[in-house]
Amino acid sequence: MQIIIPYDMSKGSVFWINLRLILVSGKTKEFLFSPNDSASDIAKHVYDNWPMDWEEEQVSSPNILRLIYQGRFLHGNVTLGALKLPFGKTTVMHLVARETLPEPNSQGQRNREKTGESNCCIIL
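Note that the coordinates shown come from a computational prediction; the quantities given were computed from them, not determined experimentally.

Participant: Got a minute to help me understand the overall build of the chain in this structure?
Facilitator: Along its length, the chain carries two helices and six strands. Listing every helix and strand of the chain by position from the N terminus yields β-β-β-α-β-β-β-α. When the 124 residues of the chain are sorted by exposure, 35% land in the buried category. Within the chain, contacts between residues separated by at least 24 positions form 62% of all contacts whose residues are at least 6 apart in sequence.

Structural data, given as structure tokens:
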């Protein structure tokens, strides 16, 4: 499997995070990123270096690429370092095309409304 390196590794950080990105089609590609890279930085890099074997899934803009990690959309300013991803191991994320993101916690709010669950407690 080819790994695409976004920077000259002889400069800067020696700690790199290996991301295996999976498209809805099931196609995968691995990239190396710095812990300081944000979800927006990653989307831009992937768009600018779109793999040839992903040609059928090419999108019109990096602004619609979204990362999903552990079932949650990552907002643009979240860095890999903030997620505390391990160095030297491969982390899997999904890459999807989507115009907008749900608001943080909106899914949890929707689930509470369906179940009638609330965030308060009863003191006896």
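Participant: Is there a simple way to think about the pairing of strand β3 (residues 28–33) in this case?
Facilitator: Remark: a regular strand shows side chains that alternate across the two faces of the sheet. With five of six residues buried, β3 is to be regarded as a mostly interior element. In this structure, the hairpin formed by strand β2 (residues 17–22) and β3 is closed by a connection of five residues, where G26 is found at a positive phi of approximately 95°.

Participant: Help me out: how do you make sense of the side chain of S34 in this one?
Facilitator: Structurally, S34 can be placed in the loop between β3 and α1 (39–48). Only 3.0 Å separates the side chain of S34 from the backbone nitrogen of N36, close enough to count as a polar contact. In this view, S34 contacts W16 and L80; residues no more than four positions away in its chain are not counted.

Participant: What is the right way to read the packing of aromatic side chains from this model?
Facilitator: Applying the stated criterion across every chain, the model contains four aromatic pairs. Ring pairing ties together the aromatic residues F31, F33, W50 and W54, which thus form one cluster.

Participant: I would appreciate a short explanation of the pattern of salt bridges in the present structure.
Facilitator: Side chains that differ in sign of charge can pair as their charged atoms come close. Under the criterion given, the structure shown has four salt bridges. With a shortest N-O distance of 3.6 Å, K27 and E57 are connected by a salt bridge. With a gap of 30 residues between them, K27 in the loop between β2 and β3 and E57 in the loop between α1 and β4 (65–69) connect regions that are remote in the sequence. Classification of E57 as partly exposed rests on a relative accessible area of 22%.

Participant: Mind showing me how you'd approach the nonpolar core here?
Facilitator: The nonpolar side chains of soluble globular proteins are, as a tendency, buried together. L19, L21, V46, M93 and L95 are the most contacted members of the largest nonpolar core, which totals 22 residues. For this core, the elements supplying multiple residues, two or more each, are β2, β3, α1, β4 and β6 (90–97). A per-element tally of this core places α1 first, with four residues. If we ignore the near neighbours within four places in the chain, the residues touching V46 are L21, F31, F33, W54 and L95.

Thresholds, definitions, all that
Residues numbered from 1 in each chain as written. Predicted model: local features only at pLDDT ≥ 70, side-chain atom pairs only at ≥ 80, totals over all residues. Heavy atoms only, no water. Helix = DSSP H or I, 4+ residues; strand = E, 2+ residues; numbered from the N terminus. Buried < 20%, exposed > 50% of the residue type's maximum accessible area, 1.4 Å probe, protein only. Contact = heavy atoms within 4.5 Å. Pairing = 2+ DSSP bridges. Polar contact = N/O pair within 3.5 Å; in protein donor to acceptor, adjacent residues only side chain to side chain. Phe/Tyr/Trp six-rings, centres within 6.5 Å; stacked < 30°, edge-to-face > 60°. Salt bridge = Lys/Arg side-chain N within 4 Å of Asp/Glu carboxyl O. Core = buried A, V, L, I, M, F, W, Y, C linked by side-chain atoms within 4.5 Å.

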